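# Fold and contact review
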Amino acid sequence: MLQVKIDFFAALKDHFKESTSIEFAEKLSIQEIKSKLKSLQPSAIDLIDSSRVSTEEEILEADSIIQKSMNLYLLPPSSGG
Amino acid sequence: MNNFITNESIDLHNEIKKAGLISCGAVVHFSGLVRNHNEGKPVLALEYEAFQPLANKMIQEILDNVKEKFSIQYASCIHRIGRLELGEIAVIVVTSSSHRKECYSANQYIIDKVKHEIPIWKREFFADGTITWSKGCEHEH
């Protein structure tokens, strides 16, 4: 069984703890990860839809596939400046 | 890697001084300050949060790209995190180049990119006691 740990930021922390983990058998798409998170917290559906997923190194494309245990980060829309 | 995210107050004059290269006839600086209102409501303070490893990497990439894109000699960007009071500098962008036109263009390009793309978030503390995260910019997925 593989595991993805997802860290949350900013407004997402009003809906989730600092992080959560999702287990999966073989591979998982970014969209599937978002769907699982939306089922865990329906109040955050719009925010999850508008958020990007990243590693510590890069923003992942929406069609990226996760095939190993790793740490991901859910980034709500930027509001710096 | 440089650290473009800081908990410390931004020293405006020091940042501008770094851009004063002898080959450059133009220096442009933009400062984003904490203002006392938003969407018609009085604001008391702001608080910024960043995903620092990725934010630093992405700002570095923007600065590297902008030097090539606009043929400028110097570009920097520093963004505060933590709680900021009214009038404090939240972000500064400094560019320098031989001439002003590309210097202005590059500076605006950097702040637009930083506001729209970098994983930094702002929380507003309003005078009526409400505290809300700014909705931010829509991203393409």
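Look up a bit, the structure's there.
Worth saying up front: this structure is predicted, and the values here are computed from it rather than measured. (Residues numbered from 1 in each chain as written. Chains lettered and ligands numbered in written order. Predicted model: local features only at pLDDT ≥ 70, side-chain atom pairs only at ≥ 80, totals over all residues. Heavy atoms only, no water.)

Moving on, we get to the sheet that holds strand S4 (residues 52–54) of chain A. Residues and elements named next belong to chain A. Sheet architecture is open: four strands sit in the order S2-S1-S6-S4, paired in mixed fashion. Two strands bound the open sheet, and with one partner strand each, they are strand S2 (19–24) and S4. Taking each pair of neighbouring strands and ignoring which way they run, the sheet shows an average axis angle of 30 degrees. Looking at chain direction, strand S1 (residues 2–8) and strand S6 (residues 70–75) are connected through five bridges and run parallel. Along S6, the bridge assignment pairs Phe 8 with Leu 74. Running over the sheet, helix H1 (residues 30–40) touches S1, S2, S4 and S6 and is turned about 120 degrees from S2. (Pairing = 2+ DSSP bridges. Helix = DSSP H or I, 4+ residues; strand = E, 2+ residues; numbered from the N terminus. Axes fitted to C-alpha atoms, helices over the stretch in contact; angles between N-to-C directions. Contact = heavy atoms within 4.5 Å.)

Residue and element names in this part refer to chain B. For Glu 39, which is not glycine, the phi torsion reads 50 degrees and is therefore positive. Relative to the helices and strands, Glu 39 is located in the loop between strand S3 (37–38) and strand S4 (41–50). Backbone geometry places Ser 71, a non-glycine residue, at a positive phi of 55 degrees. Among the secondary structure elements, Ser 71 is positioned in the loop between helix H2 (52–70) and strand S5 (74–80).

In this complex, chain B contributes 27 residues to the contact, which on the side of chain A involves 25 residues. Here chain B meets chain A over a buried area of about 2100 Å², counting both sides, of which 58% is carbon and sulfur. Applying the counting rule to chain B against chain A returns one salt bridge. Our count for the contact surface shared by chain B and chain A stands at 12 residue pairs in polar contact (both at pLDDT 80 or more). Broken down by element, the residue count for the side of chain B that touches chain A peaks at four residues, all from H2 of chain B. In terms of residue class, the side of chain B that touches chain A is built from 14 nonpolar, six polar and seven charged. (Buried area = accessible area lost by both parts, 1.4 Å probe. Salt bridge = Lys/Arg side-chain N within 4 Å of Asp/Glu carboxyl O. Polar contact = N/O pair within 3.5 Å; in protein donor to acceptor, adjacent residues only side chain to side chain. Nonpolar A, V, L, I, M, F, W, Y, C, P; charged D, E, K, R; others polar.)

So, to be careful, I would describe these as geometric facts and stop short of saying anything about function.
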